[in-house]
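Structural overview
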Amino acid sequence: MKYVDEYRDGRIARSIATSIACSIDHEREYRFMEFCGGHTHAISRYGIEDLLPANVRMIHGPGCPVCVLPIGRIDMAIELARRPDITLCVYGDLMRVPGSHGTSLLRAKAAGADVRMVYSTLDALRIAEAEPDREVVFFAIGFETTTPPTAIAIRLAAGKQLKNFSIFCNHVLTPSAIQNILESPDVRALDCVRIDGFIGPAHVSTVIGTEPYEFFAEEFEKPVVVAGFEPLDVMQAILMLVRQVNEGRHEVENQYIRAVNRKGNPRAKAEVSEVFELRESFEWRGLGLVPYSGLRLRKTYAAFDAERRFALETVVGRDNPACECGAILRGVKKPTDCKLFGTVCTPETPMGSCMVSAEGACAAHWTYGRFRDHVRRRAAS
Ligand code: SF4
């Protein structure tokens, strides 16, 4: 398939692996964080770590929209869904994310709440149009990739004067999260989590471009390579990062030139800024409150804001104390460091958000990576 097969060619992958092996300094370790869950999934699925030298290590980041949603926001959505006049429209993965006390949207649905799985914001709009007697709320989540479709849905709803449509807004921003990771005590304490560079997200960067990463590449002296989601994209990005580290450079480079440019998509950015404004802070699972990292609807569109419309109180939930999602999302721990991994916690019975979405580090490792664990253990012993 065009634009797929040529980026999954094993022969080229082995040749890039050889270039990486020839480029590395054997006296040091290279630790790169892939911010995005799409890259985490690709790394596990295609066994990319098996192609890397032992001193090149990938650290999973917090770029999975389902994973970073704190438990309190799930509890708020469940509270909304339990109201008799509300239909809550959600993406499928969100239904299985555990809330407090063993709850989830799926369980709320089983108990009678009107929770419906949708594939897009427009599905939710159609439900609102077809059922004017219901209050239809769209559970909006995601990074800069999914924000423009939500903005367009709001503008369409405003144009149609739909009075029974609103969104529960949980859209978050990538650059603020990367900056927060770089400023976190874990990363500043070099012996705890050292990060030598980032693989920047693919789809997010088609919208925002590569420009927003330039500040922290300069400020924190960390190279960033924006990369596509296919295995050869990731391999090439790692080679580009290794070369930057070796040469003492900390630049923003663009591996994904077939889709990303420096300025991004001006139309999509204009749609977003027309409808949304920055929140002063937003809670992320694992990262806590991150300043200016989330969006809410502007006053002009306040009528579509479910939090205002239904006077929703902010809930601060408590994670399952045995779940290590928070530490995994900060890059401090790996899925296999969690005692629940693969025992009580599997994709069928997720105990934390990282086991729900295919982009979550625990789900990706369960689906693909665990089969290679014993090979790695044998090689290390
Ligand atoms: S294995 Fe399950 S419980 Fe453990 S960190 Fe991952 S999601 Fe949380």
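Here, every reference points to the structure presented above.
In this report, the structure presented in the accompanying data block is examined.

Definitions and limits used
Residues numbered from 1 in each chain as written. Predicted model: local features only at pLDDT ≥ 70, side-chain atom pairs only at ≥ 80, totals over all residues. Heavy atoms only, no water. Disulfide = S-S within 2.5 Å. Buried < 20%, exposed > 50% of the residue type's maximum accessible area, 1.4 Å probe, protein only. Helix = DSSP H or I, 4+ residues; strand = E, 2+ residues; numbered from the N terminus. Core = buried A, V, L, I, M, F, W, Y, C linked by side-chain atoms within 4.5 Å. Contact = heavy atoms within 4.5 Å. Pairing = 2+ DSSP bridges. Axes fitted to C-alpha atoms, helices over the stretch in contact; angles between N-to-C directions. Parallel < 35°, antiparallel > 145°, perpendicular 65-115°, else oblique. Left-handed = near helix turned anticlockwise from the far one by under 90°. Nonpolar A, V, L, I, M, F, W, Y, C, P; charged D, E, K, R; others polar.

Description of the state of the cysteines
Inspection of the entire model under this criterion finds 1 disulfide. Across the disulfide from C64 sits C67; the S-S distance is 2.4 Å. Handedness of the C64-C67 disulfide follows from its S-S torsion of about 75°: it is right-handed. Judged by its relative accessible area of 1%, C67 is buried. Between C169, a cysteine without a disulfide, and C89, which holds the nearest cysteine sulfur, the sulfur-to-sulfur distance is 16 Å.

Regarding the environment of L289
Structurally, L289 is set in strand β12 (residues 288-291). Given a relative accessible area of 60%, L289 falls into the exposed group. Distance in space between the C-alpha atoms of L289 and N180 is 9.6 Å, their sequence separation being 109 residues.

Examining the nonpolar core
Residues L80, L88, L105, F139, F168 and W284 are the most contacted members of the largest nonpolar core, which totals 73 residues. No other element matches the 6 residues that helix α4 (residues 71-81) contributes to this core. Those residues in contact with L105 that sit more than four places away from it in its chain are A77, I78, A81, L88, V90, L94, M95, V115 and F139.

Some thoughts on the sheet that holds strand β5 (residues 135-142)
The strand order across the open sheet formed by 4 strands is β4-β3-β5-β6, and the pairing between neighbours is parallel. For this open sheet the edge positions go to β4 (114-117) and β6 (165-171), each flanked by a neighbour on one side alone. Strand after strand, the sheet turns through a mean of 25° between neighbouring axes, direction not considered. Across 7 bridges, β5 lies against β6 in parallel orientation. Residue pairing across strands places V136 opposite F165, the latter belonging to β6. Packing of α4 onto the sheet brings it into contact with β3 (86-90), β4, β5 and β6, and relative to β6 it is tilted by some 170°. Packing against the sheet, helix α6 (residues 121-130) makes contact with β3, β4, β5 and β6, and its axis sits at approximately 175° to β5.

What about the pairing of β5?
For a regular strand, side chains alternate in direction, first toward one face of the sheet and then toward the other. Across the 8 residues that make up β5, a large majority, 8, are buried. Of the two faces of β5, the one lined by E135, V137, F139 and I141 and the one lined by V136, F138, A140 and G142 are each fully buried. Across 4 bridges, the pairing between β3 and β5 is parallel. Its bridge partner lying in β5, I86 is registered against E135.

A few points about the pairing of strand β2 (residues 56-63)
Taken across its 8 residues, β2 has 7 buried, putting it largely inside the fold. As paired strands, strand β1 (residues 30-36) and β2 are joined by 6 bridges and run parallel to one another. Bridge pairing in β2 places F32 opposite M58.

What to know about the packing of helix α1 (residues 10-23) against helix α12 (residues 231-246)
Interaxial distance between α1 and α12 falls to 10 Å at its minimum, and their mutual angle equals 15°. Taken as axis vectors, α1 and α12 run roughly parallel relative to one another. Considering how the two elements wind past one another, α1 and α12 form a crossing that is left-handed. Here I12, A13, I16, A17, S19, I20 and S23 of α1 lie close against α12, whose contacting residues are L232, M235, Q236, I238, L239, V242, R243 and N246. Broken down by class, the residue content of the contact of α1 with α12 amounts to 10 nonpolar, 4 polar and 1 charged.

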